[in-house]
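Per-entry structural report
Listed below are the residues making up each chain.
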Amino acid sequence: MQRPGVQGMLEPAMFLGLGAVAVWTHLRFPRIRPGSLIRAAVHVALSFGAFALLPIALGFLVPLASSHAQALGIGLTALFPTLTYLLLSWVWLVARILHELGGTPRGGLPATGKNA
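Throughout this document, residue positions are counted from 1 along each chain, in the order its sequence is written. Restriction of local features to residues with pLDDT of at least 70 applies here, the model being predicted, together with a cutoff of 80 or more for giving and counting side-chain atom pairs; totals for whole chains, interfaces and linings are based on all residues. With hydrogens and water set aside, each side-chain value is computed from the structure's full complement of heavy atoms.

1. Some words on the confidence of the model for the chain
Just so we agree on the cut-off: The predictor attaches a confidence to each residue, and that confidence, scored 0 to 100, is pLDDT. Secondary structure follows DSSP: runs of H or I at least 4 residues long count as helices, runs of E at least 2 residues long count as strands, and numbering of each begins at the N terminus.
In the predicted model, the chain carries a mean pLDDT of 88, and 84% of its residues have values of at least 70. Highest mean pLDDT in the chain belongs to helix α2 (residues 37-61) (96); lowest belongs to helix α1 (residues 4-28) (89).

And the structure:
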């Protein structure tokens, strides 16, 4: 018999683990980061679209499973990459926004070495 608190820990643990994978991917592979704010927003939209289509895809795939364990494997195999991409796209968006806000000042008059 499972303890009541253990069942409630699965979802937060999954989000923390997949979030850690998303942050690791962001740090480990800088070449795949979106180069603009628009591209980062497009990745967020694509990830939401993929996550929204996941129940439809699982509706077709899970009935093909011959056992409960195989159905669970199909579900997790589809869920983990989709949810990781969703979290990674948000990491990319937040990082791009911070990059845009934390950059050097743009525009205005050129700085001079004299105090006026």
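After that view of the structure, there is still more to cover.
2. Points about a nonpolar patch on the surface
Here is the rule we go by: Surface patches are drawn from residues lacking salt bridges whose relative accessible area is over 30%; two like charges belong together within 9 Å, two nonpolar side chains (Val, Leu, Ile, Met, Phe, Trp, Tyr) within 5 Å. Under the convention used here, a 1.4 Å probe and the Shrake-Rupley method define accessible areas, while residue burial counts only the protein chains that appear. Salt bridges are counted wherever a side-chain nitrogen of Lys or Arg sits within 4 Å of a carboxyl oxygen of Asp or Glu. A 1.4 Å probe rolled over the protein chains alone gives each residue an accessible area, and that area as a share of the maximum for its type sets the label: buried under 20%, exposed over 50%, partly exposed in between.
Together, Leu53, Ile56, Phe60, Leu61 and Leu64 line one region of the surface with nonpolar side chains, adding up to about 570 Å² of accessible area. Along the polypeptide, Phe60 turns up in helix α2. Overall, Phe60 belongs to the exposed group, its relative accessible area being 64%.

3. What about the environment of Ala22?
Put simply, the rule is: Contact definition: two residues touch when any of their heavy atoms are within 4.5 Å.
For Ala22, the location among the structural elements is in helix α1. Exposure remark for Ala22: the relative accessible area of 0% places this residue in the buried category. Along the backbone, Ala22 and Leu86 are 64 residues apart, and their C-alpha atoms lie at a distance of 8.8 Å. Every residue in contact with Ala22, bar those within four places of it in the chain, is listed here: Thr84, Leu87 and Leu88.

4. Some points on the packing of α2 against helix α3 (residues 68-101)
Stated formally: For helices, the fitted line uses only the C-alpha atoms of the stretch in contact; every axis is such a line through C-alpha atoms, and the angle between N-to-C directions lies from 0 to 180 degrees. Here the word oblique covers every angle except those under 35 degrees (roughly parallel), over 145 (roughly antiparallel) and from 65 to 115 (roughly perpendicular). Whether a crossing is left-handed or right-handed is set by the direction in which the near helix is turned from the far one by less than a right angle, anticlockwise for left-handed and clockwise for right-handed. Side-chain classes are defined by residue name, with Ala, Val, Leu, Ile, Met, Phe, Trp, Tyr, Cys and Pro counting as nonpolar, Asp, Glu, Lys and Arg as charged, and the others, Gly among them, as polar.
At a minimum axis distance of 8 Å, the contact between α2 and α3 shows a crossing angle of 165°. The orientation of α2 relative to α3 falls into the category roughly antiparallel. Once α2 is placed against α3, the crossing between them reads as left-handed. Looking at the contact of α2 with α3 residue by residue, the classes come out as 21 nonpolar, five polar and one charged.

5. So, the nonpolar core
Cut-off, in case you're wondering: Joining through side-chain atoms within 4.5 Å is the link that ties buried Ala, Val, Leu, Ile, Met, Phe, Trp, Tyr and Cys residues into a set, and such a set is a nonpolar core.
Ranked by size, the top nonpolar core spans six residues in total: Leu18, Leu54, Ala78, Leu79, Leu83 and Leu86. If you tally residues by element for this core, the top one is α3, at four residues.

6. Points about the environment of Leu37
Relative to the helices and strands, Leu37 is located in helix α2. Under the relative-accessibility criterion, Leu37 is labelled partly exposed at 38%. A sequence separation of 62 residues divides Leu37 from His99, and the C-alpha atoms of the two residues are 9.5 Å apart. Other than its neighbours up to four places away in sequence, Leu37 contacts Leu93, Arg96 and Ile97.

7. Remarks on the packing of aromatic side chains
Rules: Between the rings of Phe, Tyr and Trp (Trp by its six-membered ring), a pair exists once the centres lie within 6.5 Å; its type follows the angle of the planes, with under 30 degrees stacked, over 60 edge-to-face, and the other angles tilted.
Across all of its chains, the model carries two aromatic pairs by this definition. Measuring from centroid to centroid gives 5.7 Å for Trp24 and Phe29, while their planes differ by 90°, and the two rings are edge-to-face. Judged by centre distance (6.2 Å) and plane angle (90°), the rings of Phe48 and Trp90 are edge-to-face. Of this pair, Phe48 sits in helix α2 while Trp90 sits in helix α3, and the two are 42 residues apart along the sequence. Note on Phe48: relative accessible area 42%, which makes it partly exposed. Taking the relative accessible area as the measure of exposure, Trp90 reaches 38% and is therefore partly exposed.

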